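Per-entry structural report
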4 protein chains.
Amino acid sequence: MLVIMKLDSPRPDIEKVKQKISGKNCIPHEIPGASKLGIGITGQTNLLDEEDFLTMDCVDEVIRVTKPYKLVSREMKQEDTIINVNGSFVGGSELSIIAGPCSVESRQQLFDIAGELKEMGIKFFRAGAYKPRSSPYSFQGLKEKGLEYLADIKKELGLLIVTEAKDTKSLPFVAEVADVIQIGARNMQNFSLLEEVGQLKNAILLKRGLAATIEDLLMSAEYILSQGNFNVILCERGIRTFETMTRNTLDLNAVPIIKKQSHLPIIVDPSHGIGIWDKVPAMALGAIACGADGLMIEVHNQPDKALSDGFQSLTPKNFKLLLEKLEQLAPIVNRKITDYERIG
Amino acid sequence: MLVIMKLDSPRPDIEKVKQKISGKNCIPHEIPGASKLGIGITGQTNLLDEEDFLTMDCVDEVIRVTKPYKLVSREMKQEDTIINVNGSFVGGSELSIIAGPCSVESRQQLFDIAGELKEMGIKFFRAGAYKPRSSPYSFQGLKEKGLEYLADIKKELGLLIVTEAKDTKSLPFVAEVADVIQIGARNMQNFSLLEEVGQLKNAILLKRGLAATIEDLLMSAEYILSQGNFNVILCERGIRTFETMTRNTLDLNAVPIIKKQSHLPIIVDPSHGIGIWDKVPAMALGAIACGADGLMIEVHNQPDKALSDGFQSLTPKNFKLLLEKLEQLAPIVNRKITDYERIG
Amino acid sequence: MLVIMKLDSPRPDIEKVKQKISGKNCIPHEIPGASKLGIGITGQTNLLDEEDFLTMDCVDEVIRVTKPYKLVSREMKQEDTIINVNGSFVGGSELSIIAGPCSVESRQQLFDIAGELKEMGIKFFRAGAYKPRSSPYSFQGLKEKGLEYLADIKKELGLLIVTEAKDTKSLPFVAEVADVIQIGARNMQNFSLLEEVGQLKNAILLKRGLAATIEDLLMSAEYILSQGNFNVILCERGIRTFETMTRNTLDLNAVPIIKKQSHLPIIVDPSHGIGIWDKVPAMALGAIACGADGLMIEVHNQPDKALSDGFQSLTPKNFKLLLEKLEQLAPIVNRKITDYERIG
Amino acid sequence: MLVIMKLDSPRPDIEKVKQKISGKNCIPHEIPGASKLGIGITGQTNLLDEEDFLTMDCVDEVIRVTKPYKLVSREMKQEDTIINVNGSFVGGSELSIIAGPCSVESRQQLFDIAGELKEMGIKFFRAGAYKPRSSPYSFQGLKEKGLEYLADIKKELGLLIVTEAKDTKSLPFVAEVADVIQIGARNMQNFSLLEEVGQLKNAILLKRGLAATIEDLLMSAEYILSQGNFNVILCERGIRTFETMTRNTLDLNAVPIIKKQSHLPIIVDPSHGIGIWDKVPAMALGAIACGADGLMIEVHNQPDKALSDGFQSLTPKNFKLLLEKLEQLAPIVNRKITDYERIG
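Anyway, here's the lowdown on the structure attached to this text.

Cut-offs used in this document
Residues numbered from 1 in each chain as written. Chains lettered and ligands numbered in written order. Predicted model: local features only at pLDDT ≥ 70, side-chain atom pairs only at ≥ 80, totals over all residues. Pairing = 2+ DSSP bridges. Helix = DSSP H or I, 4+ residues; strand = E, 2+ residues; numbered from the N terminus. Axes fitted to C-alpha atoms, helices over the stretch in contact; angles between N-to-C directions. Least-squares fit on C-alpha atoms with pLDDT ≥ 70 in both. Contact = placed C-beta atoms within 7 Å. Core = buried A, V, L, I, M, F, W, Y, C linked by C-beta atoms within 7 Å. Buried ≥ 20, exposed ≤ 12 C-beta atoms within 10 Å, placed from the backbone. Nonpolar A, V, L, I, M, F, W, Y, C, P; charged D, E, K, R; others polar. Parallel < 35°, antiparallel > 145°, perpendicular 65-115°, else oblique. Left-handed = near helix turned anticlockwise from the far one by under 90°. Right-handed = clockwise from strand over helix to strand, strands pointing away. Expected span 1.5 Å × (residues − 1). Arc of directions from axis to C-beta.

**Observations regarding the sheet that holds strand 1 (residues 2-5) of chain A**
Residue and element names in this part refer to chain A. Strands sit in the order 2-3-1-4 across an open sheet of 4 strands; the sheet is antiparallel. The open sheet has two edge strands with one neighbour each: strand 2 (27-32) and strand 4 (59-63). For this sheet the average axis-to-axis angle between neighbouring strands, irrespective of direction, equals 25°. As defined by bridge partners, strand 1 adjoins strand 4 across 4 bridges and the pair is classed as antiparallel.

**Remarks on the relation of the copies chain D and chain C**
Between the two copies, chain D and chain C, the superposition gives an RMSD of 0.0 Å; the rotation angle is 180° and the shift along the axis is 0.0 Å. The two molecules are tied by a two-fold rotation axis, judged by turn and shift. The position closest to the rotation axis in chain D is occupied by the C-alpha of G286 of chain D, lying 2.0 Å away. Comparing interface residues between copies, 100% of those in chain D also sit at the interface in chain C, which points to an isologous, same-surface contact.

**Brief notes about the nonpolar core**
Counting 447 residues, the largest nonpolar core has F125 and I233 of chain A, F125 of chain B, F125 and I233 of chain C together with F125 of chain D as its most contacted members. When near neighbours in sequence (up to four residues on either side) are disregarded, I233 of chain C contacts I83, V90, V180, A203, I204, L205, L264, P265 and I267 of chain C.

**Thoughts on the environment of L47 of chain C**
For L47 of chain C, the position within the fold is in the loop between strand 3 (37-42) and helix 2 (50-54). Given 9 C-beta atoms within 10 Å, L47 of chain C falls into the exposed group.

**Re the interface of chain B and chain A**
Taken together, the contacts link 32 residues of chain B with 32 residues of chain A. Within the residue set of the side of chain B that touches chain A, elements represented by two or more residues are helix 7 (214-226), helix 8 (254-261), helix 10 (280-289) and helix 11 (316-329) of chain B. Broken down by element, the side of chain B that touches chain A gets its largest block of residues, 5 residues, from helix 10 of chain B. The residue makeup of the side of chain B that touches chain A, split by class, is 18 nonpolar, 9 polar and 5 charged.

**Some details on the packing of helix 10 (residues 280-289) of chain C against helix 10 (residues 280-289) of chain D**
Two packed helices can be described by the angle between their axes and the distance between those axes. Interaxial distance between helix 10 of chain C and helix 10 of chain D falls to 7 Å at its minimum, and their mutual angle equals 155°. Considered as vectors, helix 10 of chain C and helix 10 of chain D are oriented roughly antiparallel to each other. The element helix 10 of chain C and its partner helix 10 of chain D pack so that their crossing is right-handed. For the pair formed by helix 10 of chain C and helix 10 of chain D, the contact residues are L285, G286 and A289 of chain C on the first element and L285, G286 and A289 of chain D on the second.

**Some details on the relation of the copies chain B and chain A**
Look at the two chain copies: a rotation about an axis and a shift along it is all it takes to match them. It takes a turn of 180° to lay chain B on chain A, together with a shift of 0.0 Å along the axis; the resulting RMSD is 0.1 Å. Here 100% of the contact residues of chain B are again contact residues in chain A; the copies associate through an equivalent surface.

**Considering the interface of chain D and chain C**
Each side of the interface is counted separately: chain D has 32 residues, and chain C has 32 residues. Secondary-structure elements contributing two or more residues to the side of chain D that touches chain C are helix 7 (214-226), helix 8 (254-261), helix 10 and helix 11 (316-329) of chain D. In terms of residues, the side of chain D that touches chain C owes the most to one element, helix 10 of chain D, which gives 5 residues. Class assignment for the residues of the side of chain D that touches chain C results in 18 nonpolar, 9 polar and 5 charged.

**With respect to the sheet that holds strand 9 (residues 160-164) of chain C**
Residues and elements named next belong to chain C. The 8 strands are arranged 7-8-9-10-11-12-13-14 in a closed barrel whose pairing can be described as parallel. Strand-to-strand twist in this sheet, taken as the mean axis angle between neighbours without regard to direction, amounts to 25°. Across 3 bridges, strand 9 lies against strand 10 (residues 180-183) in parallel orientation. When the sheet's bridge partners are listed, T163 is paired in strand 10 with I181.

**Comments concerning the pairing of strand 9 (residues 160-164) of chain A**
Residue and element names in this part refer to chain A. For strand 9, a buried count of 5 out of 5 residues is recorded, marking the element as mostly surrounded by other parts of the structure. Direction of pairing for strand 8 (residues 124-126) relative to strand 9: parallel, over a ladder of 3 bridges. Looking at the pairing, R126 lines up with V162 of strand 9. For the handedness criterion, the β-α-β arrangement of strand 9, helix 5 (residues 171-177) and strand 10 (residues 180-183) is classed as right-handed.

**Some details on unusual backbone geometry**
With phi around 65°, N25 of chain B is a residue other than glycine that occupies positive phi space. Here N25 of chain B shows up in the loop between helix 1 (11-23) and strand 2 (27-32). For K143 of chain C, which is not glycine, the phi dihedral falls at a positive 55°. Looking at where K143 of chain C falls in the secondary structure, it is placed in the loop between strand 8 (124-126) and helix 4 (144-157). The partly exposed category is assigned to K143 of chain C, around which 15 C-beta atoms lie within 10 Å.

**Considerations on helix 3 (residues 107-119) of chain A**
Residues and elements named next belong to chain A. For helix 3, spanning 13 residues, the distance from its first C-alpha to its last is 18 Å, which sits close to the expected 18 Å at 1.5 Å a residue. Taken together, the buried positions of helix 3 are occupied by Q109, L110, I113, A114 and L117. Projected onto a plane normal to the axis of helix 3, the buried residues spread over an arc of 115° and lie on a single side. Exposed side chains of helix 3 directed beyond 90 degrees from the buried face belong to Q108 and E119. Against the buried residues of helix 3 lie strand 7 (96-100), strand 8 and helix 4 (144-157). Positive backbone phi, approximately 95°, marks G121, located one or two places after helix 3.

Now the structure itself:
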């Protein structure tokens, strides 16, 4: 349920409504709208009476949210959410391009790639310090050492860091370095982890699970928002189907569907999605044309020597060609690639 | 196996090679390349000896085709196939936009919609006279009467007709009217129907089946080419997955994959793919950005009264908005929408 | 809609009801029940008024059928359908075991295998004369010659023949020889073929398509019943999923679901389902334990030399071991393997 | 790689081999075979030379393991693993039947159901204290209170407790009460949790993820074994497909496949698998006929009032009918239901 406050309601009125909600054993969530403030209500809202709120002078409107996901739904908030990641924005008119290698492999590798990306105007740098792998015998990441290198990148190059938190144990260390904490596809329904990142202030990049419906993804985002962290970026990265020529089936249909159902930004990871480097640019362009707010692309300076996922990584040179195409495409979907335009 | 003839080989040399192939109980297929002629060989090519051909003076090169699909593969023919549909081209620099209602419902309905589309510069008009439906109690199309109306559209408005052949029985009637004969998703592995359209000259639009891998689709195309009809247009229209918020999962990954594997043109049908009209434009733009050669879009002047698939049909007005976007997008992927540019 | 006649209604009463139905532009179908006769109604039943029938003296009850499939549904007919295939029964207390090679390869091969199977008490012999294959270059069956051999088997060994009709063109020839006409998975939604077999008297074995929901399968059966042929045996044979260790995912869940939704018999084909011969017996036992009415099993005397699907075929010796297990299992699910018990 | 020691190798010889392995930066794992001891090797075994071991007097044989999963594979250990769960065995001739409600709801509910099950001879009692739920607003379990009640059941009724560990945080509490710790489907690739349970002695019930291939499941089991805990029971519980008439598609094909690939026991959960209570018995029988080592069945005394998954729960009465059927079925697959036979 959503209570819309009258225009410019003073703080005491807002608190009065929130107290009434709490008094009914429900939880109030302030949701700033374009003009009026909304107060979302979660909990046993079926026990609430709309009249109780409509009779309050400061209340303009009461809306029932019909979907199983509440705080993430468009019903609860009509305007697109724009997330401020330490001064850069995700979800607005600027496309968010996150690039970097799959894993942190060495300090040198990291600085080489990050340096090239920074020159291209990229702001969000990705690399995994903790790598969840299907096999216990595969490279599991440099862990704390990897985080240290990422902190150096942040300090020395001024890039925003996107890196994965694999579990609740490493989360505090990751949260210290990461501007955006990534929750991987296999952890999308690791509800304990979701609840913990819900109590942080960092932006969270939540990847869709391999067999997760769009509703499942939105429900997992709801776990995070319901704990107070509204800075959630959704990420489509491919689902499992019978097709074997691609690594996964990147489901671009999810983009317009999510745009309709939710106010949260949605980006696309074509590298994991299709999983074959020379088809990544096509899918990246497709994602933006479908309306995505950004991309997450694997870039490696020596793909054939990468410790993980080399086959799906672009070289910096090919990535630059893609950026040029994206710059052309952006205005057609009413977007821009700000810094890239400035620098390129 | 593919035999590449020397530049400007005279007809007798070509015939000599073809006879040698036939003499080994294999089948020769002339495949015109950009400069040199190729002669594709199908049948038990494992019994052939490359030396037999390499020792012929007129032969330049012999190439083993490693894929299970032969005539459709890029190994057999490197250049993109451009199909001449009675003067309009599919697969070249011009995007092919096929539009129209799901079914022929009445003469009036057909002319109303076709008239609007013609004004927008559309050349390919689609409408089903024979409708394969999951339920025997659903509207099955106007059949012969529907074909008659389509013939009138062709004669009076000069539009090219794209319409489905449901079975071998109605195929001769369809073939008389249709410039492009559509083979529906449920018939993609109706091999008898494929063999029969393989003996026609009409262009064939082959839709991917709901559970067909990309390899399955290419093998079905191979059935048609192996009978002599090289005018095949492939069509991605969505596969079945666990997702329920969309009608199907439109698999845009198929576009760059097919472009790499095959020389045949590939178009996309976002209307059946995502199945929700207000998300069709997003997926249409995505398809072209991914590299598709064209689109097939359902357009109806009264979607809420349509006898089939109204929920996924655009109104002419919304379709026009999409065309304007496509016109902007086309040059970014090195395409154009010729007539639309000229007229709009 | 279903009209239940009063007990022992005389023929003129029945005709009166049928005429009333026809008079409303709907189609009546006589459905014999355990005691009372039902008259199923298809067509635009939403235009019918139940009162029109309830006021007739000879009518006992009127039932609305809520499912999209009508004649195949349990609502329309509560008793299990038992199909009489020239003296042998499918769907009753006796398990129906259909066995034989994938394809007719030669007269000798056919008689060798059929002879061994007959000795084991098998009544239903399967082998394909027309083989739908993904590749146009694969063995397509012996066609008319194959049918001839099957006719010989029938005449000389007295086995009932189960063989596939690939298209409407070959259907008349197949129908002459086959006691049970098989419609393959890829033809499950070849509606023209379904309509034609609906006009025959032969029993029809309808295999589930690779991406067909259970509802789709029942709708396809409905096509056949709606044309007058109620002798339909459904067959689960595996669906397409992401799993790659099996050929298909044999969906045994379909068995209890179909038993609840429909009165038609359902058998299972574990050979195509799991696709690996040494796992076929496990899945065969599982199918019967789940409640299936029978099995279709590929048996070949030289699996490694089979022209198709050898990898999933049992040798006669292994098949006999399976039969012994099935004989033990049958009584637990209130079934028997009659002739096998008598002979074995 | 697997080193097979000579018969009755003395401890010093075993240690010598293990030291050689450790000396090469690989990890040795003792794997007791029927007669001879095996020493499995994981790590960078490609750097090892087989000759190094074959030249040792105490070594009988060296086997390369070709699968990506090592310790769980049949190549590494040919005999079926039989797990001793505090005196009861999983994986041997006795079928393991785990029964109980989805969630612990109250002390009373728990004792009522457990009492009835104990009377039927059931040894393994399941109930969730921590419940991972798609929605943050759904009942999440009684948590610590729930564990307390389960400990009471264990003490007072002597039943073995099977209950889920949702995260590493609650794991120590769960491990204190649980005889078998369940890892749920959504946590199958929560590798940090897998590593932690790998360091415990409790038996682990590892459920297959919704989109996990059989290989994925075996790789996840490998995580646990590689940490030293060989007491792993696999559990098939349904995968996600396009079918909507069932909650999931219970994939019984996994049973014979896993039996071939791995020495670990595999049980089946038909309650979550098909998700509809009146079809659970059919799938349970099917699972055992396919070769499963046991079942996990939801039983609730008031299914319509259950706080979770009531729709898929059997009443004790219906569960007893199933047990009677299972008792008949067991000998056909060379199994028994020991205590049930003794008591029932």
